[in-house]
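Examining the three-dimensional arrangement
Okay, here's what each chain looks like letter by letter:
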Amino acid sequence: MSFGALAFLNPWLLGALATLPLIYWLLRTVPPRPRQIAFPATRILVGIENKEKTPSTTPWWLLLIRLLAAALVIGALAEPVLNPSKDTRLAGDGPLVLVIDNGWAAAPRWKQRQDQIAQVINEAEQQNRPLIVVPTAKSAKTFTPKLEAPADARSTAQALQPQPFASDRAAALTALKTTLDAAKKSGVGTVWLTDSVDYGAGDANFAADLKALSDGGSFVTVSDSAGHETLGLKAGVGKNGKLIASILRADGPQHSGFVHAFSAKGQRLGEAPFNLAAGTTETGITFELPLELRNQVTRLEIAGQGSAGGINLLDGRSQWQRVGLMSGESQEKSQPLLAPLYFLQKAVQPFAEIVHPKDQNLIQGVDTLLAEKVSVAMLADIGTLAGEVQTKLEAWVKKGGILVRFGGSRLEKGGDDLLPVALRAGGRSLGGALSWSTPQPLNAFDDASPFAGLEIPAEVTINRQVLADPSRLTPEVAVWARLKDGTPLVTAKKLGDGTLVLFHITANTDWSNLPISGLFVEMLKRITTLGTLSGSSSDGATAADGTSAPEAPQTLIPIRTLDGFGTLKPPPPTAQPLTAAQINTIQASFDHPPGYYGAAGQPRSVNVMGEKSKMAPLPALPSGTQSRVYEAETAKPLKPWLLAAALALLFVDIVAVILLQTGLAWARPAARVAAVVLLATTVFAAAAPHHAFAQNKTTETKPPSEKSAPIPGYAQGATDSVTLAYVLTGDSDINNVARLGLSGLSRVLQVRTAVEPGDPVGVDIINDEIAFFPVLYWPVEKNPQSLPEATLAKIDTYMKQGGLIIFDTRDYSSGLPTGMALAGETGPALQKLLGRLDLPRLEPVPEGHVLTKSFYLLKSFPGRWDGGQMWVEAQSASDEVDGGRKARRADGVTSLIVTSNDFASAWALDQRGKPLFPVVPGGERQREMSLRSGINIVMHALTGNYKADQVHVPALLERLGH
């Protein structure tokens, strides 16, 4: 029996409430209190009257307590349940078919779907019916639904995870029909856990087909409630190179939120609010970021969404470059609309910032381009580059610049060293009165070409060109475009970190009609994506993993891919490579999950939501369909609480009877007061579960980013002053050493620096908020417990938002190898603790790192031990300097420090300032160096890369006379 949010598992026991009047009649009186009479033994019979006594009346409040206790016991035996699950009993005696949409749109509320799956399987178990679990997004190359017992189906369902691509309902329906036909079952009941998004490809008839399979059984659909619709995200380049994004949904009420922009290192570079009005399916936002900062954005993410479709990965195609334009023609002002620069400006303007030197002097013009830090320089019909101009441009290209040159009459005389291929003198004329040949169309682009996949208009033809010397077409020269007869049209060659590119035609319409076609715009756009903003591999924009950009490969292999929840991970074994021609049109799928493909330095991104993607709601469901929403509340039994309340009332009754039997006058009002207080307390305790459940409900239904937590007691003190914190472990001795160590370090900081820290705070890493502390000291136990996902996410957020964690294994004999997050070769304790955390690559503190000079000049970082190595966050795996790797020296605070030297024991001081533990082997000098190491770490966390800024060093030395 159910009453809204309350149900009874044994409702027939509520009939016992009818006995309450009988209980009232039995309890309404109490026997009279015996009267005490003092008398001598000789008068034993004097004054004794033999007559009946009227019993005393039971106080009304005592009677109320007893009746309420009896009612609570009866209610408890009826087993009430708060927030009971909806009745999912399905008609029919055949198998239950559980169809689960597990595409990317199911990820944000996957927990609710798991709860719903468990309810359906429990219902099947009660009805003794087999199940068929059918996911609509496959997680294996081949999947065949099976008719299973509820216990086996539960294991199958638990193994399901949301996939980072759209559901393929048509394929799932075909597989389901095959299974049902083979089983020859009737009376099928069907439950469809839907994500409410229409992906096309037969989705319009999917519900009707499922209902048709439910012959003699019920058909139930379960969808998200209003306000919890899944959101999708797509991004692009808007006017003037601004980064724009569109937020999509199928339908729903008013919804607002934020989209965050992250760099390749996980730093939040910006955010933009969005608002979807009721019934609106798409809205756009714009990020207002400086060009240099805007080009560092590699990922846009809807806050709190947690799905692959709520993330858009960016690559070089979305970056906004500075392109320098120069021409060798001297009479451009006479016919500006026919000049090469006019065509180049029109072609490049939609996707790049143009730098056009006003000075006609070639040397000064090149100086202007280099001073503006252009990433691509386009030179139209400039013949020979020599002397200072050639030297400067060659050095710029070797640092990563892209030099694009166009043919013309000057290049028909030959060229220079800044061309990808040597040219034959004279050129080639196609068509005309004195030529037997005809204008040539373009041949299809090779897969290795950056132009692969572009559609070539049939009307584009070439009338004249400069010719490459066939004998000089070495393997180093790449032919990106050819004419129909095989003659090279666009050639390229690597020079250092940059590229030389030559169009063998003019940039205007003198030699071909290519410059007035849309193909010309797309070709130049592809070329600009090869450059970096500053024209330098060290200063420019880098790839998703922070490496420099090599030449694009012909086959794009998966590097990092998204899972269903939107987390970048190593690609699964089933991920297949792409060709360059596919990358611009491919849709995320099982074989090609969203993520980064190609070379590590110049990857190309594949996203769930493409440029033309839309989200539409499912069509109307067929008649007779039972529609439900995902349960946001879990069932809570009230029997234990009711029995506890009844027991408390019985205790109150006992105390009240004892007080009444004493006969003391003062006891009667006191008993009443005590009874009323205890009764109110009991009633409040009985109501407390409902309040607690409502609170749990609020927590569960909010997105992760919107969860509200109570303000901890240490928040005020932690915000008033710098406060160091340590993580509480299961060992009280370790916790005490950590507290004493940070307390000692805080006292030394107060004496030697301007920092006035408060008392250190011990935090429960699972339940407490850690955002208040700039430094978190974490002593690692020998056998730590694995951390839950929510805690790992909190730690990841803390580190990415500027926090610094010191992991101290306290065992100098076990070091941590370089590349812990990638290689997985960590020590067992730390690996068990943080194995699932997305940690950066680590390396030993290099010489000159900010930590070595943030306050004291240090060469080592000892603790109680001096034999262990200290590791910090490294910049990237490809930054090789003299055979060694650089750590992050000038890019903020390292988010992670790992040591085995037991810092806390070396820092620990008693109330008199005396050390508590010996240090080995260096004695008190080693303790002093350990305290200096702690001061450097704290100052580094508070001041960042201040000490790494060497801009003013020459001026200071000059003032000092050096």
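Residues numbered from 1 in each chain as written. Predicted model: local features only at pLDDT ≥ 70, side-chain atom pairs only at ≥ 80, totals over all residues. Heavy atoms only, no water.

**Some points on the overall build of the protein**
If you tally the helices and strands in the protein, you get 21 helices and 47 strands. Across the 962 residues that make up the protein, the buried fraction comes to 47%. The long-range fraction of contacts in the protein, counting pairs at least 24 apart against all pairs at least 6 apart in sequence, stands at 75%. Accessible area for the protein stands at about 46,200 Å²; split by element, carbon and sulfur atoms hold 55% of it. (Helix = DSSP H or I, 4+ residues; strand = E, 2+ residues; numbered from the N terminus. Buried < 20%, exposed > 50% of the residue type's maximum accessible area, 1.4 Å probe, protein only. Contact = heavy atoms within 4.5 Å. Areas by Shrake-Rupley, 256 points an atom, 1.4 Å probe, with all protein chains shown as cover.)

**Things to note about the pairing of strand β34 (residues 595–598)**
Looking down a regular strand, the side chains alternate between one sheet face and the other. For strand β31 (residues 558–562) and β34, the ladder comprises three bridges, and the chain directions are antiparallel. Note on β34: the bridge partner recorded for Arg560 is Tyr596. (Pairing = 2+ DSSP bridges.)

**Some thoughts on the pattern of salt bridges**
Applying the stated criterion across every chain, the model contains 23 salt bridges. Salt-bridge contacts for Lys242 lead to Glu288; the nearest nitrogen and oxygen are separated by 2.8 Å. Placement of the pair is Lys242 in the loop between β12 (232–237) and β13 (243–248) and Glu288 in the loop between β16 (282–287) and α7 (291–294), with a sequence separation of 46 residues. On the accessibility criterion, Glu288 (59% relative accessible area) is exposed. For Asp367, the salt bridge is made with Lys392, and the minimal N-O distance between the two is 2.6 Å. One end of the pair, Asp367, is in helix α9 (residues 362–371); the other, Lys392, is in helix α10 (residues 387–398), and 25 residues separate them in sequence. Here the salt bridges share partners, and the residues they tie into one network are Asp101, Arg169 and Asp195. (Salt bridge = Lys/Arg side-chain N within 4 Å of Asp/Glu carboxyl O.)

**Thoughts on the sheet that holds β31**
Hydrogen bonds between backbone groups are what pair the strands of a sheet, and the pairing can be parallel or antiparallel. Taken together, four strands build an open sheet; the order of strands is β32-β31-β34-β35 and the sheet is antiparallel. The sheet is open, and its two borders are formed by β32 (568–569) and β35 (603–606), each paired with just one other strand. Where β31 meets β32, two bridges bridge the pair, whose relative direction is antiparallel. Within β32, the position partnered with Thr561 by the bridge is Lys569.

**A short note on helix α3 (residues 110–127)**
The first and last C-alpha atoms of α3 sit 26 Å apart over 18 residues, in line with the 26 Å expected at 1.5 Å per residue. Where α3 is concerned, the buried positions are Trp110, Gln112, Arg113, Gln116, Ile117, Gln119, Val120, Ile121, Glu123, Ala124 and Gln127. (Expected span 1.5 Å × (residues − 1).)

**Section: the side chain of Thr283**
By secondary structure assignment, the location of Thr283 is in strand β16. Filtering out sequence-adjacent residues up to four positions away, Thr283 remains in contact with Ala245, Ser246, Ile247, Phe274, Asn275 and Leu276.

**Digging into the confidence of the model for the protein**
When pLDDT is averaged along the protein, the result is 78, and 76% of the positions lie at 70 or above. The low-confidence segment residues 330–334, where pLDDT is below 50, has three contacts with residues more than four positions distant or belonging to other chains. Contacts of residues 814–826 to residues separated by more than four positions or lying in other chains number 29 contacts, the stretch itself having pLDDT below 50. (pLDDT = per-residue confidence, 0-100.)

**So, the environment of Leu419**
Along the chain, Leu419 turns up in the loop between β22 (402–406) and β23 (428–429). For the pair Leu419 and Lys493, spaced 74 residues apart in sequence, the C-alpha to C-alpha distance is 8.1 Å. Look past the residues within four positions of Leu419 in its chain and what remains in contact with it is Arg405, Leu411, Leu500 and Leu502.

**Focus on the environment of Ser746**
Tracing the backbone through its elements, the reader meets Ser746 in helix α15 (residues 732–752). Each C-alpha atom, one on Ser746 and one on Pro760, is 7.8 Å from the other, the two residues being 14 residues apart in sequence. Sequence-distant contacts of Ser746, defined by excluding residues within four places in its chain, comprise Leu724, Pro757 and Gly758.

**Some points on the side chain of Ser246**
Following the sequence through the fold, Ser246 ends up in strand β13. According to the relative accessible area criterion, Ser246 is buried, its value standing at 17%. With residues near it in sequence (within four places) discarded, Ser246 still touches Gly232, Leu233, Lys234, Glu282, Thr283 and Gly284.

**Re the packing of aromatic side chains**
In the structure shown here, the tally under the stated rule is 13 aromatic pairs. Each ring, one from Phe855 and one from Tyr856, has its centre 5.1 Å from the other, and the planes form 75 degrees; the classification is edge-to-face. Centre to centre, the rings of Phe903 and Trp907 are 5.1 Å apart; their planes meet at 15 degrees, and the pair counts as stacked. Residue Phe903 and its partner Trp907 are located together in helix α19 (residues 903–907), separated by four residues, close to a single helical turn. Looking at Phe903, the relative accessible area reads 0%, which means it is buried. Judged by its relative accessible area of 1%, Trp907 is buried. Among the aromatic side chains, those forming a connected cluster through ring pairs are Phe406, Phe503 and Phe520. (Phe/Tyr/Trp six-rings, centres within 6.5 Å; stacked < 30°, edge-to-face > 60°.)

**Here's the deal with the nonpolar core**
Membership of the largest hydrophobic core comes to 41 residues, with the highest contact counts inside it found for Leu344, Met378, Phe503 and Leu524. Among the secondary structure elements, those contributing two or more residues to this core are β19 (321–327), α8 (340–348), β21 (376–380), β22, β27 (478–482), β28 (488–495), β29 (498–503) and α11 (518–528). For this core, the element with the most residues is α11, which contributes five residues. In terms of nonpolar packing, the next biggest core, distinct from the first, is built from 33 residues, Val755, Phe903, Ala904 and Leu909 among them. (Core = buried A, V, L, I, M, F, W, Y, C linked by side-chain atoms within 4.5 Å.)

**Details of the environment of Ser613**
Along the polypeptide, Ser613 turns up in the loop between β35 and β36 (616–617). Residues Ser613 and Gly232, 381 residues apart in the sequence, show an inter-C-alpha distance of 9.3 Å. The residues touching Ser613, leaving out its near neighbours within four places in the chain, are Lys234, Leu248 and Val608. Within the structure, Ser613 has its side chain in polar contact with the backbone nitrogen of Gly610 (distance 2.6 Å). (Polar contact = N/O pair within 3.5 Å; in protein donor to acceptor, adjacent residues only side chain to side chain.)

**A closer look at α9**
Every buried residue belonging to α9 is among Gly365, Val366 and Leu369, and all of these are buried. Buried residues of α9, seen end-on, are gathered within an arc of 100 degrees and therefore sit on one face of the element. Next to the buried residues of α9 lie β19, β20 (352–355), β21 and α10. Count one or two residues on from α9 and you reach Lys373, which has phi positive near 55 degrees. (Arc of directions from axis to C-beta.)

**Some words on the sheet that holds β16**
Ordered by their spatial adjacency, three strands build an open sheet running β12-β13-β16, and the pairing between neighbours is antiparallel. Each edge of the open sheet is held by one strand with a lone partner, namely β12 and β16. Put simply, the sheet's adjacent strands are angled 25 degrees from each other on average, direction ignored. Across six bridges, the pairing between β13 and β16 is antiparallel. Bridge pairing in β16 places Ile244 opposite Thr286. (Axes fitted to C-alpha atoms, helices over the stretch in contact; angles between N-to-C directions.)

**Thoughts on unusual backbone geometry**
Residue Pro921 is reached from Val920 by a cis peptide bond, and omega for that bond is 5 degrees. Note on placement: Pro921 falls in the loop between α19 and α20 (923–943). One non-glycine residue, Asn128, adopts positive backbone phi at about 55 degrees. Inspection of the secondary structure puts Asn128 in the loop between α3 and β7 (131–135). Take Asn128: its relative accessible area is 69%, and that puts it in the exposed class. The phi dihedral of Asp902 falls on the positive side, at around 60 degrees, and the residue is not glycine. Along the polypeptide, Asp902 turns up in the loop between β47 (896–899) and α19.

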